[in-house]
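# Architecture and fold: a report
If you want the building blocks of each chain, they are given just below.
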Amino acid sequence: MSAVVQNPTAAVSMPLAVGDPGRALVFDGERTIVLGEFLARARALAAALPEARHVVHLADDRYRFLLGFCAAALRGQVALLPPSGAPGTVAEILQAHAGGGAYRLEGDAIGAHAGPSRVADADADAAPARVDPQALAAIGYTSGSTGRPQAHAKTWAAFATGTAQNLAALADLWGPAQPQVVATVPPQHMYGMELSVLLPLLGGAAVHAGRPLLPADVARALEDAAGARLLVTTPVHLRALLRSGVALPPLAGIVSATAPLAPELAAEAEDRYGAEVREVFGSTETCVFARRRTARDAWWTPLPGTRLTPQPDGTLVHAPHLPAPVALADLMEVAADGRFRLCGRQADLLEIAGKRASLGDLTRRLLAVPGVEDGVVLQLEPEREGAVGRIAALAVAPGLAPADIVEALRGAVDPVFLPRRLRLLPVLPRNATGKLRRDALLAALAEPHSSAVPEAPGGAT
(Lines give C-alpha, C1' and ligand atoms only; values in the text may rest on other atoms or scores of the structure.)
Protein backbone atom coordinates (compact mmCIF):
# COMPACT_ATOMS: atom_id res chain seq x y z
CA MET A 1 0.00 0.00 0.00
CA SER A 2 1.26 3.50 -0.81
CA ALA A 3 2.71 5.59 1.96
CA VAL A 4 1.80 9.17 2.73
CA VAL A 5 4.01 12.08 1.73
CA GLN A 6 7.18 12.20 3.78
CA ASN A 7 8.12 15.44 5.59
CA PRO A 8 5.30 17.51 4.05
CA THR A 9 6.34 20.63 5.94
CA ALA A 10 9.63 20.70 3.99
CA ALA A 11 8.05 20.21 0.56
CA VAL A 12 7.14 22.91 -1.94
CA SER A 13 4.11 20.89 -2.95
CA MET A 14 2.57 17.53 -2.08
CA PRO A 15 0.25 15.12 -3.89
CA LEU A 16 -3.47 15.59 -3.45
CA ALA A 17 -3.68 11.80 -3.54
CA VAL A 18 -0.89 9.22 -3.36
CA GLY A 19 -0.30 5.98 -5.22
CA ASP A 20 -0.36 4.50 -8.67
CA PRO A 21 -3.09 5.88 -11.00
CA GLY A 22 -4.43 2.34 -11.36
CA ARG A 23 -5.05 1.73 -7.66
CA ALA A 24 -8.61 1.50 -6.35
CA LEU A 25 -9.85 4.64 -4.61
CA VAL A 26 -13.66 4.34 -4.48
CA PHE A 27 -15.81 1.23 -4.82
CA ASP A 28 -19.38 0.01 -4.50
CA GLY A 29 -21.34 -3.00 -5.69
CA GLU A 30 -21.29 -1.90 -9.32
CA ARG A 31 -17.87 -0.43 -10.08
CA THR A 32 -14.44 0.50 -8.81
CA ILE A 33 -13.04 3.94 -9.58
CA VAL A 34 -9.26 4.04 -9.81
CA LEU A 35 -7.18 7.03 -8.78
CA GLY A 36 -6.39 8.19 -12.33
CA GLU A 37 -10.03 8.26 -13.37
CA PHE A 38 -11.02 9.96 -10.12
CA LEU A 39 -8.47 12.77 -10.57
CA ALA A 40 -9.61 13.31 -14.16
CA ARG A 41 -13.18 13.70 -12.90
CA ALA A 42 -11.99 16.05 -10.14
CA ARG A 43 -10.21 18.26 -12.69
CA ALA A 44 -13.34 18.42 -14.84
CA LEU A 45 -15.47 19.38 -11.84
CA ALA A 46 -12.89 21.93 -10.67
CA ALA A 47 -13.24 23.80 -13.98
CA ALA A 48 -16.99 24.12 -13.38
CA LEU A 49 -16.82 25.43 -9.80
CA PRO A 50 -17.42 29.12 -9.07
CA GLU A 51 -14.66 31.48 -8.02
CA ALA A 52 -14.52 31.60 -4.22
CA ARG A 53 -12.17 31.19 -1.31
CA HIS A 54 -14.34 28.82 0.75
CA VAL A 55 -16.88 26.08 0.08
CA VAL A 56 -19.28 24.29 2.43
CA HIS A 57 -19.34 20.61 1.44
CA LEU A 58 -22.79 19.13 2.07
CA ALA A 59 -22.77 15.88 0.05
CA ASP A 60 -23.67 12.84 2.15
CA ASP A 61 -22.63 10.38 -0.56
CA ARG A 62 -18.97 9.69 0.20
CA TYR A 63 -17.87 9.52 -3.46
CA ARG A 64 -19.48 12.85 -4.29
CA PHE A 65 -18.02 14.40 -1.15
CA LEU A 66 -14.54 13.17 -2.14
CA LEU A 67 -14.98 14.46 -5.67
CA GLY A 68 -16.18 17.88 -4.52
CA PHE A 69 -13.49 18.11 -1.85
CA CYS A 70 -10.69 17.34 -4.31
CA ALA A 71 -12.10 19.53 -7.09
CA ALA A 72 -12.31 22.50 -4.73
CA ALA A 73 -8.79 21.77 -3.46
CA LEU A 74 -7.47 21.92 -7.03
CA ARG A 75 -8.95 25.43 -7.20
CA GLY A 76 -7.27 26.38 -3.93
CA GLN A 77 -10.61 26.54 -2.11
CA VAL A 78 -10.81 25.79 1.61
CA ALA A 79 -13.37 23.19 2.71
CA LEU A 80 -15.78 24.31 5.42
CA LEU A 81 -17.07 21.34 7.44
CA PRO A 82 -20.24 22.33 9.35
CA PRO A 83 -21.15 20.50 12.58
CA SER A 84 -24.55 19.82 11.00
CA GLY A 85 -26.42 20.48 7.79
CA ALA A 86 -29.14 22.55 9.48
CA PRO A 87 -29.91 25.58 7.28
CA GLY A 88 -29.25 28.04 10.09
CA THR A 89 -25.87 26.53 10.89
CA VAL A 90 -24.79 26.50 7.24
CA ALA A 91 -25.99 30.08 6.79
CA GLU A 92 -23.94 31.23 9.79
CA ILE A 93 -20.78 29.60 8.44
CA LEU A 94 -21.30 31.02 4.96
CA GLN A 95 -21.86 34.49 6.40
CA ALA A 96 -18.70 34.25 8.50
CA HIS A 97 -16.68 33.66 5.32
CA ALA A 98 -18.63 35.87 2.94
CA GLY A 99 -15.78 38.38 2.66
CA GLY A 100 -13.55 35.98 0.74
CA GLY A 101 -16.39 34.42 -1.19
CA ALA A 102 -18.14 31.26 -0.01
CA TYR A 103 -20.69 28.90 -1.49
CA ARG A 104 -22.37 25.59 -0.71
CA LEU A 105 -21.73 22.47 -2.76
CA GLU A 106 -24.52 19.89 -2.62
CA GLY A 107 -24.21 16.33 -3.83
CA ASP A 108 -26.73 16.97 -6.61
CA ALA A 109 -24.59 19.80 -7.98
CA ILE A 110 -21.75 17.36 -8.61
CA GLY A 111 -24.17 15.38 -10.77
CA ALA A 112 -22.76 14.18 -14.07
CA HIS A 113 -19.17 14.46 -12.89
CA ALA A 114 -19.79 11.49 -10.57
CA GLY A 115 -22.04 9.58 -12.99
CA PRO A 116 -21.48 6.24 -14.70
CA SER A 117 -20.11 7.71 -17.94
CA ARG A 118 -16.43 7.02 -18.45
CA VAL A 119 -13.80 9.73 -18.57
CA ALA A 120 -10.27 9.50 -19.82
CA ASP A 121 -7.59 8.87 -17.23
CA ALA A 122 -5.20 11.72 -16.53
CA ASP A 123 -2.77 12.14 -19.39
CA ALA A 124 0.76 13.51 -19.55
CA ASP A 125 -0.46 17.02 -20.34
CA ALA A 126 -2.75 17.24 -17.32
CA ALA A 127 -1.73 19.57 -14.52
CA PRO A 128 -0.27 17.67 -11.55
CA ALA A 129 -2.78 17.03 -8.78
CA ARG A 130 -0.73 18.72 -6.08
CA VAL A 131 -1.38 21.17 -3.26
CA ASP A 132 0.68 23.54 -1.15
CA PRO A 133 1.46 21.83 2.19
CA GLN A 134 1.20 25.11 4.07
CA ALA A 135 -2.15 26.07 2.52
CA LEU A 136 -5.37 25.64 4.44
CA ALA A 137 -7.17 22.45 3.45
CA ALA A 138 -10.24 22.64 5.69
CA ILE A 139 -11.88 24.37 8.61
CA GLY A 140 -13.75 22.07 10.98
CA TYR A 141 -16.31 23.33 13.46
CA THR A 142 -17.11 22.20 16.95
CA SER A 143 -18.92 23.78 19.89
CA GLY A 144 -16.72 25.42 22.51
CA SER A 145 -17.32 26.64 26.02
CA THR A 146 -19.20 29.70 24.73
CA GLY A 147 -21.75 27.43 23.06
CA ARG A 148 -21.00 28.79 19.58
CA PRO A 149 -19.38 26.61 16.93
CA GLN A 150 -15.62 27.13 17.06
CA ALA A 151 -13.50 27.06 13.91
CA HIS A 152 -10.34 24.93 13.72
CA ALA A 153 -8.19 25.30 10.62
CA LYS A 154 -6.16 22.41 9.18
CA THR A 155 -3.34 22.70 6.64
CA TRP A 156 -2.49 20.05 4.07
CA ALA A 157 0.78 19.40 5.92
CA ALA A 158 -1.15 18.76 9.14
CA PHE A 159 -3.53 16.43 7.32
CA ALA A 160 -0.60 14.50 5.78
CA THR A 161 1.18 14.16 9.12
CA GLY A 162 -2.06 13.16 10.82
CA THR A 163 -2.70 10.50 8.17
CA ALA A 164 0.78 9.08 8.80
CA GLN A 165 -0.14 8.98 12.49
CA ASN A 166 -3.36 7.13 11.73
CA LEU A 167 -1.49 4.61 9.61
CA ALA A 168 0.87 4.04 12.54
CA ALA A 169 -2.16 3.47 14.76
CA LEU A 170 -4.06 1.13 12.47
CA ALA A 171 -1.94 -0.40 9.68
CA ASP A 172 -1.19 -3.62 11.57
CA LEU A 173 -4.90 -4.45 11.32
CA TRP A 174 -4.64 -5.06 7.57
CA GLY A 175 -0.93 -5.72 6.98
CA PRO A 176 0.37 -5.47 3.38
CA ALA A 177 -3.12 -5.51 1.79
CA GLN A 178 -4.95 -2.38 0.72
CA PRO A 179 -7.61 -1.55 3.33
CA GLN A 180 -11.14 -1.28 2.00
CA VAL A 181 -12.93 1.22 4.24
CA VAL A 182 -16.67 1.18 4.91
CA ALA A 183 -17.69 4.11 7.12
CA THR A 184 -20.97 4.86 8.88
CA VAL A 185 -19.87 8.36 9.93
CA PRO A 186 -20.35 11.52 7.83
CA PRO A 187 -17.29 12.86 5.99
CA GLN A 188 -17.92 16.35 7.45
CA HIS A 189 -17.13 15.05 10.95
CA MET A 190 -13.37 15.23 11.59
CA TYR A 191 -13.25 11.51 12.44
CA GLY A 192 -15.01 10.76 9.16
CA MET A 193 -12.71 13.15 7.33
CA GLU A 194 -9.59 11.49 8.74
CA LEU A 195 -10.52 7.85 8.17
CA SER A 196 -12.85 7.91 5.14
CA VAL A 197 -11.44 10.84 3.13
CA LEU A 198 -7.79 11.41 4.05
CA LEU A 199 -6.89 7.75 4.60
CA PRO A 200 -8.01 6.95 1.02
CA LEU A 201 -6.39 10.07 -0.46
CA LEU A 202 -3.13 10.28 1.50
CA GLY A 203 -2.87 6.79 2.99
CA GLY A 204 -3.53 4.59 -0.03
CA ALA A 205 -6.82 3.05 1.16
CA ALA A 206 -9.99 2.54 -0.86
CA VAL A 207 -13.39 3.63 0.47
CA HIS A 208 -16.99 2.64 -0.16
CA ALA A 209 -18.87 5.25 -2.17
CA GLY A 210 -21.86 5.48 0.16
CA ARG A 211 -22.64 6.04 3.81
CA PRO A 212 -24.54 2.96 5.00
CA LEU A 213 -26.39 3.29 8.30
CA LEU A 214 -28.86 0.40 8.69
CA PRO A 215 -27.23 -2.91 9.66
CA ALA A 216 -28.27 -4.65 6.44
CA ASP A 217 -26.82 -1.78 4.38
CA VAL A 218 -23.54 -1.93 6.31
CA ALA A 219 -23.32 -5.66 5.63
CA ARG A 220 -23.96 -5.16 1.90
CA ALA A 221 -21.33 -2.42 1.69
CA LEU A 222 -18.77 -4.66 3.38
CA GLU A 223 -19.61 -7.43 0.90
CA ASP A 224 -18.78 -4.97 -1.90
CA ALA A 225 -15.19 -4.74 -0.64
CA ALA A 226 -12.64 -6.83 -2.49
CA GLY A 227 -9.87 -6.93 0.10
CA ALA A 228 -9.10 -6.23 3.75
CA ARG A 229 -12.34 -4.80 5.13
CA LEU A 230 -12.08 -2.01 7.71
CA LEU A 231 -15.32 -0.89 9.34
CA VAL A 232 -15.14 2.71 10.59
CA THR A 233 -18.06 3.30 12.91
CA THR A 234 -19.37 4.53 16.28
CA PRO A 235 -20.51 2.78 19.46
CA VAL A 236 -24.17 3.45 18.61
CA HIS A 237 -23.87 1.93 15.13
CA LEU A 238 -21.79 -0.96 16.45
CA ARG A 239 -24.42 -1.77 19.06
CA ALA A 240 -27.14 -1.64 16.40
CA LEU A 241 -25.18 -4.09 14.25
CA LEU A 242 -24.81 -6.52 17.14
CA ARG A 243 -28.45 -6.29 18.18
CA SER A 244 -29.66 -6.80 14.60
CA GLY A 245 -27.98 -10.19 14.31
CA VAL A 246 -26.95 -9.42 10.73
CA ALA A 247 -23.97 -11.43 9.50
CA LEU A 248 -20.87 -9.58 8.33
CA PRO A 249 -18.16 -10.85 5.98
CA PRO A 250 -14.65 -11.35 7.40
CA LEU A 251 -13.17 -8.09 8.70
CA ALA A 252 -9.59 -6.88 9.06
CA GLY A 253 -10.68 -4.67 11.94
CA ILE A 254 -13.27 -2.31 13.38
CA VAL A 255 -12.46 1.29 14.35
CA SER A 256 -14.68 3.23 16.73
CA ALA A 257 -14.81 6.86 17.88
CA THR A 258 -17.14 9.87 18.54
CA ALA A 259 -18.26 8.58 21.96
CA PRO A 260 -16.82 6.34 24.70
CA LEU A 261 -16.98 2.67 23.76
CA ALA A 262 -18.00 0.28 26.53
CA PRO A 263 -15.48 -2.54 27.03
CA GLU A 264 -18.33 -5.05 27.10
CA LEU A 265 -19.58 -3.86 23.71
CA ALA A 266 -16.07 -4.02 22.23
CA ALA A 267 -15.57 -7.55 23.57
CA GLU A 268 -18.95 -8.69 22.20
CA ALA A 269 -18.09 -7.27 18.77
CA GLU A 270 -14.68 -8.96 18.75
CA ASP A 271 -16.25 -12.28 19.67
CA ARG A 272 -19.06 -11.98 17.08
CA TYR A 273 -17.03 -10.73 14.14
CA GLY A 274 -13.62 -12.27 14.82
CA ALA A 275 -11.78 -8.97 14.39
CA GLU A 276 -10.10 -6.52 16.73
CA VAL A 277 -12.06 -3.45 17.75
CA ARG A 278 -9.69 -0.50 17.99
CA GLU A 279 -10.93 2.72 19.54
CA VAL A 280 -9.28 6.01 18.60
CA PHE A 281 -9.36 9.22 20.59
CA GLY A 282 -9.43 12.72 19.16
CA SER A 283 -11.46 15.83 18.53
CA THR A 284 -12.01 18.48 15.89
CA GLU A 285 -9.32 20.53 17.62
CA THR A 286 -6.71 17.76 17.80
CA CYS A 287 -7.69 15.08 15.24
CA VAL A 288 -6.84 11.51 16.34
CA PHE A 289 -3.95 11.33 18.82
CA ALA A 290 -4.37 8.05 20.73
CA ARG A 291 -5.60 4.45 20.39
CA ARG A 292 -6.53 1.46 22.51
CA ARG A 293 -7.96 -2.04 22.27
CA THR A 294 -10.95 -1.28 24.46
CA ALA A 295 -11.94 -4.89 25.08
CA ARG A 296 -8.64 -5.47 26.87
CA ASP A 297 -7.23 -2.15 28.03
CA ALA A 298 -8.68 0.90 29.78
CA TRP A 299 -5.54 2.93 29.08
CA TRP A 300 -4.92 4.87 25.88
CA THR A 301 -1.61 4.76 23.98
CA PRO A 302 -0.62 8.12 22.42
CA LEU A 303 0.40 8.04 18.77
CA PRO A 304 4.11 8.50 17.95
CA GLY A 305 5.50 11.84 19.09
CA THR A 306 2.38 12.70 21.09
CA ARG A 307 2.42 13.58 24.78
CA LEU A 308 -0.14 14.92 27.24
CA THR A 309 0.26 17.50 29.97
CA PRO A 310 -2.47 17.49 32.64
CA GLN A 311 -3.85 20.89 33.63
CA PRO A 312 -6.15 21.80 36.53
CA ASP A 313 -9.10 22.26 34.16
CA GLY A 314 -8.20 19.78 31.42
CA THR A 315 -5.27 18.51 29.39
CA LEU A 316 -2.77 19.93 26.90
CA VAL A 317 -2.15 17.76 23.83
CA HIS A 318 1.24 18.04 22.09
CA ALA A 319 1.42 16.20 18.74
CA PRO A 320 3.47 16.33 15.50
CA HIS A 321 0.42 17.31 13.43
CA LEU A 322 -0.50 20.22 15.73
CA PRO A 323 1.20 23.60 15.23
CA ALA A 324 0.81 24.33 18.95
CA PRO A 325 -0.42 22.42 22.02
CA VAL A 326 -4.21 22.15 22.19
CA ALA A 327 -6.13 22.39 25.45
CA LEU A 328 -8.96 19.91 25.99
CA ALA A 329 -11.55 20.02 28.75
CA ASP A 330 -11.05 16.29 29.37
CA LEU A 331 -9.35 15.42 32.65
CA MET A 332 -6.77 12.66 32.22
CA GLU A 333 -4.50 10.58 34.41
CA VAL A 334 -1.13 10.25 32.66
CA ALA A 335 1.21 7.36 33.54
CA ALA A 336 5.01 7.51 33.54
CA ASP A 337 5.14 5.76 30.14
CA GLY A 338 2.87 8.41 28.59
CA ARG A 339 -0.26 6.29 28.45
CA PHE A 340 -3.39 7.84 29.92
CA ARG A 341 -6.93 7.20 30.98
CA LEU A 342 -9.89 9.56 31.00
CA CYS A 343 -11.24 10.87 34.29
CA GLY A 344 -14.15 12.90 32.93
CA ARG A 345 -15.40 15.01 30.05
CA GLN A 346 -16.92 18.42 29.63
CA ALA A 347 -20.55 17.65 30.28
CA ASP A 348 -22.37 19.71 27.70
CA LEU A 349 -20.82 18.30 24.50
CA LEU A 350 -23.22 16.16 22.48
CA GLU A 351 -22.47 13.61 19.74
CA ILE A 352 -25.44 11.80 18.23
CA ALA A 353 -25.43 9.78 14.99
CA GLY A 354 -22.00 11.14 14.09
CA LYS A 355 -23.15 14.76 14.48
CA ARG A 356 -21.94 17.28 17.01
CA ALA A 357 -23.53 20.05 19.03
CA SER A 358 -23.42 21.47 22.51
CA LEU A 359 -26.10 22.19 25.07
CA GLY A 360 -24.86 25.77 25.19
CA ASP A 361 -25.32 26.32 21.46
CA LEU A 362 -28.74 24.61 21.48
CA THR A 363 -29.82 26.86 24.35
CA ARG A 364 -28.60 29.89 22.42
CA ARG A 365 -30.77 28.88 19.47
CA LEU A 366 -33.76 28.32 21.76
CA LEU A 367 -33.36 31.79 23.21
CA ALA A 368 -33.19 33.23 19.68
CA VAL A 369 -36.74 32.06 18.92
CA PRO A 370 -39.03 35.15 18.88
CA GLY A 371 -41.23 35.10 21.97
CA VAL A 372 -38.92 32.97 24.11
CA GLU A 373 -37.95 34.99 27.16
CA ASP A 374 -35.88 32.39 28.96
CA GLY A 375 -34.96 28.80 28.30
CA VAL A 376 -32.52 25.95 28.65
CA VAL A 377 -31.79 22.71 26.79
CA LEU A 378 -30.61 19.56 28.58
CA GLN A 379 -29.99 15.91 27.80
CA LEU A 380 -31.93 13.28 29.73
CA GLU A 381 -30.54 9.98 30.91
CA PRO A 382 -30.95 7.12 28.40
CA GLU A 383 -34.16 5.17 28.85
CA ARG A 384 -32.45 1.86 28.15
CA GLU A 385 -28.96 0.44 27.88
CA GLY A 386 -27.20 1.50 24.72
CA ALA A 387 -29.69 4.25 23.83
CA VAL A 388 -28.86 7.93 23.50
CA GLY A 389 -30.46 10.27 26.03
CA ARG A 390 -33.26 12.39 24.59
CA ILE A 391 -32.94 16.14 24.27
CA ALA A 392 -35.40 18.12 26.38
CA ALA A 393 -36.03 21.81 26.98
CA LEU A 394 -37.69 24.20 29.41
CA ALA A 395 -38.81 27.64 28.29
CA VAL A 396 -40.58 30.78 29.37
CA ALA A 397 -42.56 31.90 26.31
CA PRO A 398 -45.92 33.59 26.98
CA GLY A 399 -48.27 33.20 24.03
CA LEU A 400 -46.37 30.33 22.40
CA ALA A 401 -47.14 26.62 22.37
CA PRO A 402 -44.36 24.03 22.65
CA ALA A 403 -45.02 22.89 19.07
CA ASP A 404 -44.49 26.48 17.86
CA ILE A 405 -41.03 26.58 19.45
CA VAL A 406 -39.98 23.20 18.07
CA GLU A 407 -41.11 24.25 14.61
CA ALA A 408 -39.10 27.49 14.88
CA LEU A 409 -36.01 25.50 15.84
CA ARG A 410 -36.19 23.24 12.79
CA GLY A 411 -34.45 25.77 10.56
CA ALA A 412 -31.50 26.18 12.92
CA VAL A 413 -31.06 22.81 14.63
CA ASP A 414 -30.28 19.41 13.15
CA PRO A 415 -33.28 17.07 13.66
CA VAL A 416 -31.33 14.73 15.96
CA PHE A 417 -30.91 17.61 18.44
CA LEU A 418 -34.50 18.91 18.42
CA PRO A 419 -36.17 18.65 21.88
CA ARG A 420 -38.23 15.51 22.21
CA ARG A 421 -39.80 17.00 25.35
CA LEU A 422 -40.42 20.71 25.81
CA ARG A 423 -42.23 22.20 28.79
CA LEU A 424 -43.38 25.80 29.25
CA LEU A 425 -43.03 27.37 32.69
CA PRO A 426 -43.88 30.80 34.08
CA VAL A 427 -40.31 31.06 35.37
CA LEU A 428 -37.26 28.82 35.30
CA PRO A 429 -36.04 27.46 38.66
CA ARG A 430 -32.90 29.58 38.89
CA ASN A 431 -31.12 29.78 42.24
CA ALA A 432 -30.00 32.92 44.02
CA THR A 433 -26.97 33.30 41.81
CA GLY A 434 -28.98 32.79 38.61
CA LYS A 435 -27.76 29.27 37.98
CA LEU A 436 -29.90 26.28 36.96
CA ARG A 437 -29.27 23.04 38.82
CA ARG A 438 -29.83 19.84 36.88
CA ASP A 439 -31.94 18.29 39.66
CA ALA A 440 -34.24 21.32 39.68
CA LEU A 441 -34.61 21.18 35.91
CA LEU A 442 -35.46 17.47 35.97
CA ALA A 443 -38.03 18.05 38.70
CA ALA A 444 -39.65 20.87 36.71
CA LEU A 445 -39.67 18.74 33.58
CA ALA A 446 -41.37 15.87 35.41
CA GLU A 447 -44.20 17.95 36.90
CA PRO A 448 -47.64 17.42 35.30
CA HIS A 449 -48.30 20.39 33.07
CA SER A 450 -50.58 21.07 30.15
CA SER A 451 -47.98 23.00 28.14
CA ALA A 452 -45.76 20.12 27.09
CA VAL A 453 -45.03 18.98 23.56
CA PRO A 454 -45.90 15.28 23.02
CA GLU A 455 -42.82 13.13 22.87
CA ALA A 456 -41.76 12.07 19.41
CA PRO A 457 -42.01 8.32 18.85
CA GLY A 458 -38.88 6.23 19.02
CA GLY A 459 -36.51 8.80 20.43
CA ALA A 460 -32.91 9.32 19.43
CA THR A 461 -30.88 6.18 19.02
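Calculation criteria
Residues numbered from 1 in each chain as written. Predicted model: local features only at pLDDT ≥ 70, side-chain atom pairs only at ≥ 80, totals over all residues. Heavy atoms only, no water. Buried < 20%, exposed > 50% of the residue type's maximum accessible area, 1.4 Å probe, protein only. Helix = DSSP H or I, 4+ residues; strand = E, 2+ residues; numbered from the N terminus. Contact = heavy atoms within 4.5 Å. Polar contact = N/O pair within 3.5 Å; in protein donor to acceptor, adjacent residues only side chain to side chain. Core = buried A, V, L, I, M, F, W, Y, C linked by side-chain atoms within 4.5 Å. pLDDT = per-residue confidence, 0-100. Pairing = 2+ DSSP bridges. Axes fitted to C-alpha atoms, helices over the stretch in contact; angles between N-to-C directions. Parallel < 35°, antiparallel > 145°, perpendicular 65-115°, else oblique. Left-handed = near helix turned anticlockwise from the far one by under 90°. Nonpolar A, V, L, I, M, F, W, Y, C, P; charged D, E, K, R; others polar. Arc of directions from axis to C-beta.

## Side note on helix α8 (residues 235-244)
Within the span of α8, buried status applies to Pro235, His237, Leu238, Arg239, Leu241 and Leu242. Structurally, α8 contributes buried residues whose contacts are with α7 (215-224), β12 (228-233), β13 (253-256), α9 (263-273) and β14 (277-281). If you check the start of α8, you find a side-chain oxygen 3.2 Å away from the backbone N of histidine 237, and it comes from threonine 234. Where α8 ends, the next residue or the one after it, glycine 245, has phi of about 80 degrees, a positive value.

## Here we look at the nonpolar core
A general trend in soluble globular proteins is that nonpolar side chains are found buried together. Core analysis: the largest hydrophobic core is formed by 68 residues, its most contacted members being Phe38, Phe69, Trp174, Met193, Leu201 and Val232. When neighbours within four sequence positions are excluded, phenylalanine 38 is seen to be in contact with Leu25, Ile33, Tyr63, Leu66, Leu67, Cys70 and Leu201.

## Notes on the confidence of the model for the chain
Residues of the chain with pLDDT of at least 70 account for 89%, and the chain-wide mean is 87. Model confidence for the chain, summarised as mean pLDDT per element, is weakest for strand β22 (residues 349-352) at 78 and strongest for strand β11 (residues 206-208) at 98. Scored below 50 in pLDDT, residues 456-461 makes eleven contacts in the model with residues more than four places away or belonging to other chains.

## Describing the side chain of aspartate 414
By secondary structure assignment, the location of aspartate 414 is in the loop between α11 (402-409) and β26 (421-424). The class of aspartate 414 is buried, set by a relative accessible area of 5%. Ignoring sequence-local partners within four residues, the contact set of aspartate 414 consists of Ser84, Gly85, Ala86 and Lys355.

## Focus on the sheet that holds strand β15 (residues 290-292)
On the basis of which strands lie adjacent, the open sheet formed by nine strands has the order β3-β2-β11-β10-β12-β13-β14-β15-β16 and mixed pairing. The open sheet terminates on both sides in strands that have one partner only, identified here as β3 (32-34) and β16 (301-302). Examined bridge by bridge, β14 and β15 share three bridges and lie antiparallel to one another. Paired with glutamate 279 across the two strands is arginine 292, which belongs to β15.

## Considering the sheet that holds strand β17 (residues 307-311)
Within the open sheet, the three strands sit side by side as β17-β18-β19. Their pairing is antiparallel. The two strands at the open ends of the sheet, each matched to only one other strand, are β17 and β19 (326-328). Between one strand axis and the next, the sheet turns by 25 degrees as a mean value, whatever way the strands run. Sheet topology note: the β17/strand β18 (residues 314-318) ladder contains five bridges and is antiparallel. Following the sheet pairing, arginine 307 is matched in β18 by histidine 318.

## Some remarks on the side chain of histidine 237
Its location among the elements puts histidine 237 in helix α8. When near neighbours in sequence (up to four residues on either side) are disregarded, histidine 237 contacts Thr184 and Leu213.

## Focus on the pairing of strand β6 (residues 102-105)
Alternating residues of β6 divide into Tyr103 and Leu105, all buried, and Ala102 and Arg104, none buried. As judged from the four bridges shared by strand β4 (residues 54-57) and β6, these two strands associate in the parallel manner. What sits directly across from histidine 54, in β6, is alanine 102.

## Some thoughts on the packing of helix α1 (residues 35-48) against helix α2 (residues 62-74)
Each pair of packed helices gets described by two things: the angle between the helix axes and the distance between those axes. Remark: α1 packs on α2, axes separated minimally by 8 Å, with the N-to-C direction vectors making an angle of 60 degrees. The angle between α1 and α2 falls in the class oblique. With respect to the hand of their crossing, α1 and α2 are arranged in right-handed fashion. On the side of α1, the interface is formed by Phe38, Arg41, Ala42, Arg43, Leu45 and Ala46, while α2 contributes Tyr63, Leu66, Leu67, Gly68, Cys70, Ala71 and Leu74. The residue inventory of the contact of α1 with α2, partitioned by class, reads ten nonpolar, one polar and two charged.

## So, α9
Helical geometry note: an α-helix holds 3.6 residues per turn, so side chains three or four residues apart project in the same direction. Buried residues of α9: Leu265, Ala266, Ala269, Glu270 and Tyr273, and no others. Across the axial projection of α9, the buried residues extend over an arc of 135 degrees, all falling on one side. For α9, the exposed residues lying more than 90 degrees away from the buried face are Glu264 and Asp271. Of the surrounding elements, those touching the buried residues of α9 are α8, β13 and β14. Two residues or fewer after α9 comes glycine 274, characterised by a positive phi angle close to 65 degrees.

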